[in-house]
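Examination of the molecular architecture
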Amino acid sequence: MAKPVVIVVGADKGGVGKTTVSRTLLDYFSANNVPTRAFDTESPRGTLKRFHPDITEIVDMTTTTDQMKIFDTLNSASPSVTVIDVRAGLLSPALASLRDIGFLDAAKSGQITFAVFHILGPSIASLDEIAETANFMVGAKYFLVKNFINNTSFFEWDQATYNAYFHRIKDATELTIPKLNEMAYEQVEVASVPFLKFVANKGTLDEAANYSFVLRGYVRHWLANVWSEFDRIKLTDLVGSGKPALRSGEK
Amino acid sequence: MLITPVYIICSPRPLVGKTLIARQLSEFLLLKNGDVTAFDINLKEPSLLEFLPDITETAEVDDTFGKMALMDRVIINDGIAKVIDLGFHAFDEFFKMSEEIGFMKEAARRGVAPVILFVADADRVSARGFATLREQIPKSALVVVDNEYVVRGELPEAMARSRILRIAALPSFLKTYVDRLTFSFTGFLRNEGNSSSELHQWVRRNYLSFRELELSLILQRSF
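Quick caveat, the model's predicted, so the values are computed rather than measured. (Residues numbered from 1 in each chain as written. Chains lettered and ligands numbered in written order. Predicted model: local features only at pLDDT ≥ 70, side-chain atom pairs only at ≥ 80, totals over all residues.)

On to the overall build of chain B, then. Tallying secondary structure elements over chain B gives 11 helices and seven strands in all. Taken against the 2.2 N^0.38 rule, which gives 17 Å for 223 residues, the C-alpha radius of gyration of chain B at 17 Å falls within 12% of a compact globule. Projected onto its principal axes, the C-alpha coordinates of chain B cover approximately 50 × 40 × 40 Å. Within chain B, counting contacts between residues at least 6 apart in sequence, those at least 24 apart form 70% of the total. (Helix = DSSP H or I, 4+ residues; strand = E, 2+ residues; numbered from the N terminus. Rg over C-alpha atoms; globule rule 2.2 N^0.38 Å. Contact = placed C-beta atoms within 7 Å.)

What follows is the structure, encoded as structure tokens:
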């Protein structure tokens, strides 16, 4: 049996696109036939749940019952990949509680594959966070995600500051999420469907929808770019499903 | 299967005869099918809208709204031929967008047949524009328009290897005549008694070229 994989998507700041990245991850795994489940910590109302209602559960990571719900089922649950969308401000506490329950040690000893997607915001505070979380990151795969979806610029004005932070963590991999056309992004929001379904012109229940061809085109193009980033970091290898399979809807 | 042709008349250069060709092609399609929709993406040039106000709509590709308004119409396989008169300033943006949103592929899937009519010129901007098109447009859908009035001589080599549609040069007094806003090619064919006049033959020859173009489109599809 494949090792359970836990992917935490988080940032200490709101509005940097955590949920967007989680959504692309879920789409990516579903396109690669990797069974996945997701937890949304945005309790009580989760954005991720709105887009992927079938596989998403809303949890409160600070409570023991919900921690059990997530981690005690890791071995028994059939989906091999668990994606956790950690609410703004909760990344460091979440990692701390993971350490407390011995999860990080399990990851270190290789029983569990553990990856963190750290979405960067445009402020120094968000870079400070990197330093903070770095302490927990032994044994984890650490991905720094530069999210350009909302046109952030990442301290390109000061390479020294930038490097000081970005090289703080050893073996961190940088990932870039390109910008998506604003209107296209809004339309997907309005439609409340996964990006994949939007591209395939389908509604929430797989019924035929009538999205703009232009916007679908932009989403398809953008999603292909995001996925090629995931391919680049060999995400499917990480979750143990081998080579990225040929996907429909891609060039 | 029903095929809807979409003719995109383009050049990265102004004043090479795009609108003239768009006018004639639209009139030809109107005569042949009784129906055509033309889109005018020209802000700075003599405009198709002024010549054929009844069948022409304006469109733009500067923002996403404009792109949606245009492309969501053009991608529909409704059997009504479309003509797009693409102004030189919109050339880059249009093809960048069409590449990004996968226009050619989606069109093929839906039975819409885009035909890119690239109006040739001998300068470098044209050469570069043409190279871009060669990269993203299948050879069968890319036609070089050799407007004798503009090219005056041999086509650049890269373009000469493509499919070519020739438009002969008119003497300038006839050119002034067809450039009048009230001039109609079909109307001229109908009303001009002397079928051996130069303009009469010129219009007929061009209509014949358009017909051949359309025919080859259908033949290509049936394979």
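To continue, consider the interface of chain A and chain B. Counting residues at the interface gives 10 residues for chain A, matched by 10 residues for chain B. Ranked by the residues each element gives to the side of chain A that touches chain B, the list is headed by helix 10 (residues 213-232) of chain A, at seven residues.

Below, the discussion takes up the nonpolar core. Core analysis: the biggest nonpolar cluster contains 125 residues, and I7, V9 and V219 of chain A together with I9, L117, F118 and V145 of chain B have the highest contact counts within it. A per-element tally of this core places helix 10 of chain A first, with 10 residues. When neighbours within four sequence positions are excluded, V145 of chain B is seen to be in contact with I21, L117, F118, V119, A120, L165 and I167 of chain B. (Core = buried A, V, L, I, M, F, W, Y, C linked by C-beta atoms within 7 Å. Buried ≥ 20, exposed ≤ 12 C-beta atoms within 10 Å, placed from the backbone.)

We now examine the packing of helix 1 (residues 18-31) of chain A against helix 10 of chain A. Residue and element names in this part refer to chain A. Taken N-terminus to C-terminus, the directions of helix 1 and helix 10 make an angle of 80°; their axes are 10 Å apart at the nearest point. Comparing their axes, helix 10 and helix 1 come out roughly perpendicular. For the pair helix 1 and helix 10, contact is made by T24, D27 and Y28 and by L223, V226, W227 and F230, respectively. The residue inventory of the contact of helix 1 with helix 10, partitioned by class, reads five nonpolar, one polar and one charged. (Axes fitted to C-alpha atoms, helices over the stretch in contact; angles between N-to-C directions. Parallel < 35°, antiparallel > 145°, perpendicular 65-115°, else oblique. Nonpolar A, V, L, I, M, F, W, Y, C, P; charged D, E, K, R; others polar.)

Once that is clear, we can look at unusual backbone geometry. Positive phi is not limited to glycine here, since K234 of chain A has a value of about 55°. Along the chain, the position of K234 of chain A falls in the loop between helix 10 and helix 11 (235-238). Overall, the presence of 12 C-beta atoms within 10 Å leaves K234 of chain A in the exposed class. With phi around 55°, L15 of chain B is a residue other than glycine that occupies positive phi space. With respect to the secondary-structure elements, L15 of chain B resides in the loop between strand 1 (4-10) and helix 1 (18-33). C-beta crowding within 10 Å serves as the criterion here: with 12 such atoms nearby, L15 of chain B is assigned to the exposed category.

Right, let's talk about the packing of helix 4 (residues 91-100) of chain B against helix 6 (residues 124-136) of chain B for a bit. Residues and elements named next belong to chain B. One way to put it is that helix 4 packs onto helix 6 with a least axis distance of 11 Å and a crossing angle of 15°. By the criterion of interaxial angle, the relationship of helix 4 to helix 6 is roughly parallel. Helix-helix and strand crossings are classified by hand; for helix 4 and helix 6 the assignment is left-handed. Packed against helix 4, whose contacting residues are F91, F95 and E99, the element helix 6 presents G129, T132, L133 and Q136 at the interface. Residue composition of the contact of helix 4 with helix 6, by class: three nonpolar, three polar and one charged. (Left-handed = near helix turned anticlockwise from the far one by under 90°.)

Residues and elements named next belong to chain B. The terminal C-alpha atoms of helix 6 lie 19 Å apart, and with 13 residues this matches the ideal 18 Å at 1.5 Å per residue to within 8%. Those residues of helix 6 that fall on the buried side of the exposure criterion are S126, G129 and F130. Angular distribution of buried residues about the axis of helix 6 spans 100°; they occupy a single face of the element. Residues of helix 6 that are exposed and point over 90 degrees away from its buried face: R124, R128, A131 and E135. (Expected span 1.5 Å × (residues − 1). Arc of directions from axis to C-beta.)

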